[in-house]
Amino acid sequence: MKEQQNCGSTPKKPLLSIIVPVYNTEQYLHQCLDSIINSTLINIEIICVNDASTDNSLEILQKYAQNDTRVKVINLKTNKRQGGARNEGIKAAEADWIAFVDSDDFVSTSMFQKLYQKSIETCADIVFCDNYLYYNENDIKVNHAISEEVLSMPKKQRDKILLLNAFSIWAAIYKKNLFIDNKLYFPEHLLYEDNALTYVIHLLAKKISKVNEALYYYRCSNSSATRSFNNYNLFDRLTTSDILKHNIERLGFYETYKEEIDFVYTKLYYINTLYACLTRFSPLPYDKIKTLKRNFYNTLPCFRGNKYWHSISKKRRCLIWIAEHNVNLASFILKIRIKTTAIIK
């Protein structure tokens, strides 16, 4: 696919709006924006949403906007977190297709052309690709998303597998009307915002296609808030899990995929949060753990009867049981296991 358009201007409606939420990422921002600006898909708009950064991110964005008319800067005066910044980008997007790139990540220059071309060839609503887990230049691992074979299955069968093996919100392009027509926006002022939408968007898509190549670089070495210690924003994941469940019920998917959705909710709301409590806090947040268990059991008291429950390893199921009866012992076992694994590696 070739385009006959000057890189510095977009005289016609862009084919793709790429939304980049930015908050204090001056260290990585040049690499991120350079990778997008040099995209082989030229007719794009790059919507950079500065989420009230306190470093030099805004100045960097403004310089890029001066040099390339495809770059548009939205400057938020108050911090809305990544979800709120993405929402502003969705509202401002002119193209029929949108994509999300985190400002500490970067992409292959051919990524968006390959994904957009695939959308034309297959009449898809979503097109995604594999990604790289980028630790540093000498430590890059390929992360394979769901296979093309799954995407060719009947929709109901496909959706059940996607619910259990969702691909990330980034490393993909989406028809914008999936969000607009279904009144889907990211939660604002919260972490773990992806949890609230990713699964729903997959269910809404009639056709999903894949470019079977790693084209997105997800940076794993930064100090992300979702990987930090003693950070009580961890419990935002409870709210975003509830929003996910509400959206799925609102859009009429719950009864069709009840077993899968309940299992996803169990992992997002309960298991992953419980594990994080046991490994990322010192001292342990006893009151939070007690409330977590009580609220979850009120919502899904029979979760161990879910047909997917035994897909969780026996070791992990045992540790969950121990945590429910003796939090200190579970934390001790888990931390010893983590240390032993680190020594072996």
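Report follows, based on the coordinates. Sequence order sets the numbering: in each chain, residues are counted from 1 along the sequence as written. In view of the model being predicted, local features appear only for residues whose pLDDT reaches at least 70, and side-chain atom pairs are presented and counted only at 80 or more, with totals across whole chains, interfaces and linings using the full set of residues. Computation of side-chain values: all heavy atoms of the structure, hydrogens and water removed.

## What to know about helix α3 (residues 81-92)
Moving on, step 1. Between its first and last C-alpha atoms α3 spans 17 Å; for 12 residues at 1.5 Å apiece the expected length is 16 Å, and the two agree.
Moving on, step 2. Think of it in three bands: with a 1.4 Å probe and only protein chains considered, a residue is buried below 20% of the maximum accessible area for its type, exposed above 50%, and partly exposed in between. Secondary structure follows DSSP: runs of H or I at least 4 residues long count as helices, runs of E at least 2 residues long count as strands, and numbering of each begins at the N terminus. Turning to α3, its buried residues are G83, G84, A85, R86, N87, E88, G89 and I90. By this rule the span expected of a helix is its residue count minus one, scaled by 1.5 Å.

## Observations regarding the nonpolar core
Moving on, step 1. Judged by nonpolar contacts, the single largest core of 75 residues is most densely connected at F112, Y174 and F179.
Moving on, step 2. Residues in contact with F112, not counting those within four places in the same chain, are L16, I18, S39, L41, A99, V101, V107 and I173.
Moving on, step 3. Nonpolar cores are built from buried Ala, Val, Leu, Ile, Met, Phe, Trp, Tyr and Cys residues. Side-chain atoms within 4.5 Å join them into one set. By size, the runner-up hydrophobic cluster in this structure holds 31 residues, among which are F235, L284, L292 and L319. By definition in these notes, contact holds between two residues if any of their heavy atoms fall within 4.5 Å.

## Digging into the packing of helix α10 (residues 258-280) against helix α12 (residues 314-325)
Moving on, step 1. Lines fitted to the C-alpha atoms define the axes, with helices restricted to the stretch that makes contact. Angles between their N-to-C directions range from 0 to 180 degrees. Where α10 contacts α12, the two axes come as close as 11 Å, and the packing angle between them is 70°. Our classification of the angle between α10 and α12 gives roughly perpendicular. The handedness of the crossing between α10 and α12 comes out as left-handed. Judged by residue contacts, Y270, I271, N272, L274, Y275 and L278 of α10 engage R316, L319, I320, A323 and E324 from α12.
Moving on, step 2. Note on residue classes: Ala, Val, Leu, Ile, Met, Phe, Trp, Tyr, Cys and Pro are nonpolar, Asp, Glu, Lys and Arg are charged, and everything else, Gly too, is polar. Grouping the amino acids of the contact of α10 with α12 by side-chain chemistry returns eight nonpolar, one polar and two charged. Any angle that falls under 35 degrees is termed roughly parallel, while one over 145 is termed roughly antiparallel, one within 65 to 115 roughly perpendicular, and all others oblique. With the far helix as reference, a near helix turned anticlockwise by less than a right angle produces a left-handed crossing, and one turned clockwise produces a right-handed crossing.

## Looking at the pairing of strand β4 (residues 97-100)
Moving on, step 1. Along β4, one buried face is formed by W97 and A99 and the opposite face, lined by I98 and F100, is buried too.
Moving on, step 2. For two strands to be treated as a pair, DSSP must find no fewer than two bridges joining them. Note: strand β1 (residues 16-22) against β4, four bridges, orientation parallel. Note that in β4 the partner of I18 across the bridge is A99.
Moving on, step 3. Alignment of β4 against strand β8 (residues 172-175), held across three bridges, turns out to be antiparallel. Within the sheet, the bridge partner assigned to I98 lies in β8 and is Y174.

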